[in-house]
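Read off the chains here:
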Amino acid sequence: MKKQHMPRRRPMVGWFDPRVLAHSAYLVAISNVFGRHSDTRLIEALASQPQNEFDYSHATGDFWLDYVADIGDGWNPTYAIADAIAQPELEVADDDGVRVRTEPGRVLIFGGDEVYPYPTRAEYDMRTETPYRLAFAGRARPDLFAIPGNHDWYDSLIAFSRTFCRPERGFATCRTRQTRSYFALKLPANWWLFAFDLQLGQELDEPQVQYFKKVGALLDDQTKIIACVPEPRWILEDAYPRHESYEEESTRQFLELQVLKRKVSVYLTGDLHYYKRHENAEGVQKITSGGGGAFLHPTHAPKTHVLRDGFVQKAVYPDEKTSRGLSWRNLRFPFRNPKFMWLPAFLYAMSAWLASASLQAADIVDLPTALSRSINASIRDPLNGMWLVGIIASFIFFTDTHVRWWRILGGVGHAFAHLAAAFLVGWLSLLATVNLLHMSFGSVAQLLTSGLITFVSGGLAGGFIMGLYLLVSVRFLGRHSNEAFSALRVQDFKQWLRLRVAPNGTLTIYSIAIDTVPRRWRATARNGETTMEAADPRATRPRIVDKVTIGPAVSGISG
Ligand SMILES: [Fe+2]
C-alpha cells in the first residue's frame with residue numbers, strides 16, 4: 001500500500017508561553033475596546049445574503065445531532081473526538097454497562113471556541129479543519145453549523161466568517177449552509193434549535209434580534225426549543241456575582257420574553273471545558289459541554305452544586321475527586337510550562353540587579369544585613385521603588401477575584417513570595433561568585449556570572465512559586481480555575497453531546513466522553529481517502545457519562 005502522509009499535529013497551546021501571554025493580552029484588550037464599538041455583525045448582516053431557518057423537520061426515523069464545543073487545541077484530543085463523532089455507528093456503554101447504539105449526527109454543531117489560541121485562517125486549518133477532514137474521510141459527512149465563542153471573536157470574527165459562513169466553501173468536506181454567525185434549525189417532531197452569537201458577552205445586536213423574531217413567528221404552542229449560547233452565564237454569574245456584566249438584564253430572559261416569546265427547554269453551551277448539567281424543578285436543562293479538545297477546566301472549583309437561579313447540578317464530568325487530584329500537577333508547573341520560565345528569569349535577574357546596585361562587598365556577608373540594605377535601597381531609590389510597585393501592581397491585577405481586599409491581599413502576598421525568592425536567589429548568587437568562585441565583587445565578570453546564575457535559578461524558582469500559588473488557589477480557595485488548569489494542559493477527559501429526537505418527540509441527550517485520548521496515530525486509507533487512526537493501546541473507548549431524556553409532553557416550562 002502507498003505510504004500515507006502524516007499531517008502536522010499541533011501540541012496543546014502553551015498558555016504560559018510569554019509570547020502567547022502577551023499576544024492574548026493584546027487581543028483581549030483590542031477586542032474589548034474596539035469589538036464593543038464596531039460590531040461587525042451589523043456589516044456582515046447587511047452584506048450577506050438573507051438567511052432563513054434551515055429545515056430538517058422532514059427527516060424520518062430517529063434524528064441524530066452532534067454538539068461539540070471548545071475544539072481546535074492540541075491534535076490528540078481534537079482528533080480523538082472528531083474521529084468518535086464521525087464513526088458510522090458508535091456503540092457506547094454507560095456506567096452500568098448498558099450498551100447503546102448511536103448514529104453520527106445528520107447535523108454537527110460547533111458550539112464556540114472553534115480554535116485556540118487566536119483565530120487565524122492558518123490556525124483554523126491546522127487545529128480544526130484538518131482533523132475533522134481526516135476524521136470524515138471515507139465516511140458520511142454531516143451538515144456543519146457553528147457559532148462563535150470568545151476566541152473566535154478576537155479578530156472581530158473575520159476568520160470565522162470566512163471559514164463557516166461561506167456555503168460555497170464548506171468546511172472539512174462537510175456542507176455548511178449559514179451565512180451569519182447565528183442560525184435556527186427546524187428539527188423533526190416540532191423541536192427547534194436556536195444558536196445565538198453574543199459577541200464577547202454583549203447583548204444581541206438588532207439584525208440578530210430581527211432574524212430570531214422572524215423565525216420565532218413560525219413556532220406554535222407545542223414547539224420545544226433548544227438554545228445554543230456561547231457561554232454558561234448561569235455558572236459565571238454564580239462564580240462572579242459582582243461582575244458588572246452580570247448585573248444587566250438577563251440575556252436569557254430577553255431571549256425568552258422578547259425574542260422567541262417561548263420558554264426554552266434545553267440550553268447548550270461550551271466555554272468551560274468540562275461537562276456539567278443543571279436542572280430546575282420544571283425539568284429545564286442547562287448543559288455546559290466544552291470538552292471538544294481544549295485543556296480541561298476543574299469541575300470542583302468554583303462550586304456549582306446549587307446556582308443562584310435555583311438550578312441544581314445533576315451531572316458532572318470528570319468527577320470532582322479527579323479534578324481535585326489533577327490540581328496537584330501544578331507542582332510540576334515549570335516542566336509543563338518551560339517557556340514561562342523566561343518571564344521570572346528576567347524579573348528575578350532585574351530585581352536582583354537593582355537591589356545589588358546599592359550593596360557593598362561587606363553587606364553581603366550575612367543575610368539580615370544584605371536584606372536591610374536592599375529594603376533601604378528600594379525605599380530611597382526611585383527606580384528601585386517604581387520597579388517594586390510595578391511588580392506588586394501586576395500581581396494584584398492578576399489575582400482572580402472581584403473582592404477588592406482579597407485581590408490586594410492575594411496579589412501582595414504572591415508578589416512578596418516572588419520578591420523574597422528573587423532576593424534570596426540573587427544574594428546566594430553573589431555569595432557563590434565572591435566566596436566560592438573568588439571573583440572580585442563588582443567586577444564585570446562577577447556581575448555577569450551572578451546575573452546568569454540568578455537568571456537560571458530565578459526562572460526555575462519563579463515557576464515553582466507560580467505553580468504553588470495556582471495549586472493553593474484552585475485546590476483550597478476555589479480560585480484561578482482558568483489559570484491553574486490551562487497550565488496543566490490536560491488532554492484527557494474529553495466529551496461531546498449526541499442528541500436524538502425520536503419520531504414521537506422524545507429528546508435524548510447523551511454526553512459521551514473519552515477518559516484517555518490516544519497519543520500515537522498512524523496514517524492509513526479508508527475507502528480510498530487518506531485518514532488517521534489511533535495506534536495507542538492506553539487510549540480508552542468512548543463511554544456515556546450522562547443521559548437525560550425530555551419527553552414530548554414537557555411544555556410550558558419556565559427558565
Ligand atoms: Fe474555550
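Everything numeric in this text was worked out from a predicted model, so none of it was measured. (Residues numbered from 1 in each chain as written. Predicted model: local features only at pLDDT ≥ 70, side-chain atom pairs only at ≥ 80, totals over all residues. Heavy atoms only, no water.)

Student: Describe the coordination of the iron ion, naming the residues involved and giving the relevant values.
Tutor: Put simply, the ideal angle at a metal is 109.5 degrees for four donors in tetrahedral geometry and 90 or 180 degrees for six donors in octahedral geometry. Around the iron ion, the donor atoms from the protein are Asp70 (OD), Asp113 (OD), Tyr116 (OH) and His273 (NE2), and they sit 2.1 to 2.3 Å away. Because the angles between the four donor atoms bound to the iron ion fall within 84 to 175 degrees, the donor set is best described as irregular. Counting along the primary sequence, the residues that act as donors to the iron ion give the motif D-x42-D-x2-Y-x156-H. A relative accessible area of 2% places Asp113 in the buried class. For Tyr116, a relative accessible area of 0% corresponds to the buried category. (Donors = N, O, S within 2.8 Å, 3.2 Å for Na, K, Ca; no water. Tetrahedral: all angles 85-135°; square planar, octahedral: opposite > 155°, others 65-115°. Buried < 20%, exposed > 50% of the residue type's maximum accessible area, 1.4 Å probe, protein only.)

Student: Which residues make up the side chain of Asp83, and what values do they have?
Tutor: Inspection of the secondary structure puts Asp83 in helix H3 (residues 75-86). Beyond its immediate stretch of four places on either side in the chain, Asp83 contacts Ala135, Arg139 and Arg526. (Helix = DSSP H or I, 4+ residues; strand = E, 2+ residues; numbered from the N terminus. Contact = heavy atoms within 4.5 Å.)

Student: Tell me what's going on with the sheet that holds strand E11 (residues 266-269), and back it up with residues and numbers.
Tutor: One open sheet holds the eight strands; their spatial order is E1-E8-E9-E10-E11-E13-E12-E14, and the pairing between them is mixed. Two strands bound the open sheet, and with one partner strand each, they are strand E1 (54-55) and strand E14 (312-317). As paired strands, E1 and strand E8 (residues 183-186) are joined by two bridges and run parallel to one another. Counted as the bridge partner of Phe54 is Leu185 from E8. (Pairing = 2+ DSSP bridges.)

Student: Tell me about the nonpolar core, residues and numbers included.
Tutor: Judged by nonpolar contacts, the single largest core of 59 residues is most densely connected at Leu185 and Leu193. Take this core: its biggest share by element is four residues, from helix H16 (residues 444-476). Those residues in contact with Leu193 that lie beyond four places of it in its chain are Leu65, Ile109, Phe183, Ala184, Leu185, Leu187, Ile226 and Cys228. (Core = buried A, V, L, I, M, F, W, Y, C linked by side-chain atoms within 4.5 Å.)

Student: Explain the layout of surface pockets to me, using residue names and the numbers behind them.
Tutor: Considering only enclosed or pocket space, the second largest pocket measures out at about 420 Å³ in volume. What lines the second largest pocket is a set of 19 residues, among which Ser374, Ile375, Leu388, Leu419 and Phe423 lie closest to the centre. Listed by contribution, the elements that provide at least two residues to the lining of the second largest pocket are helix H12 (342-356), helix H13 (367-380), helix H14 (382-398) and helix H15 (404-436). With six residues, H15 is the largest single contributor of residues to the lining of the second largest pocket. Within the lining of the second largest pocket, the residues separate by chemical class into 15 nonpolar, four polar and no charged. (1 Å grid on protein atoms, 1.4 Å probe; cavity = no way out; pocket = protein on both sides within 12 Å on 5 of 7 lines; lining within 4 Å. Points joined across faces, edges and corners; volume = space filled by probe spheres on them. Nonpolar A, V, L, I, M, F, W, Y, C, P; charged D, E, K, R; others polar.)

Honestly, it's all geometry; don't read function into it.
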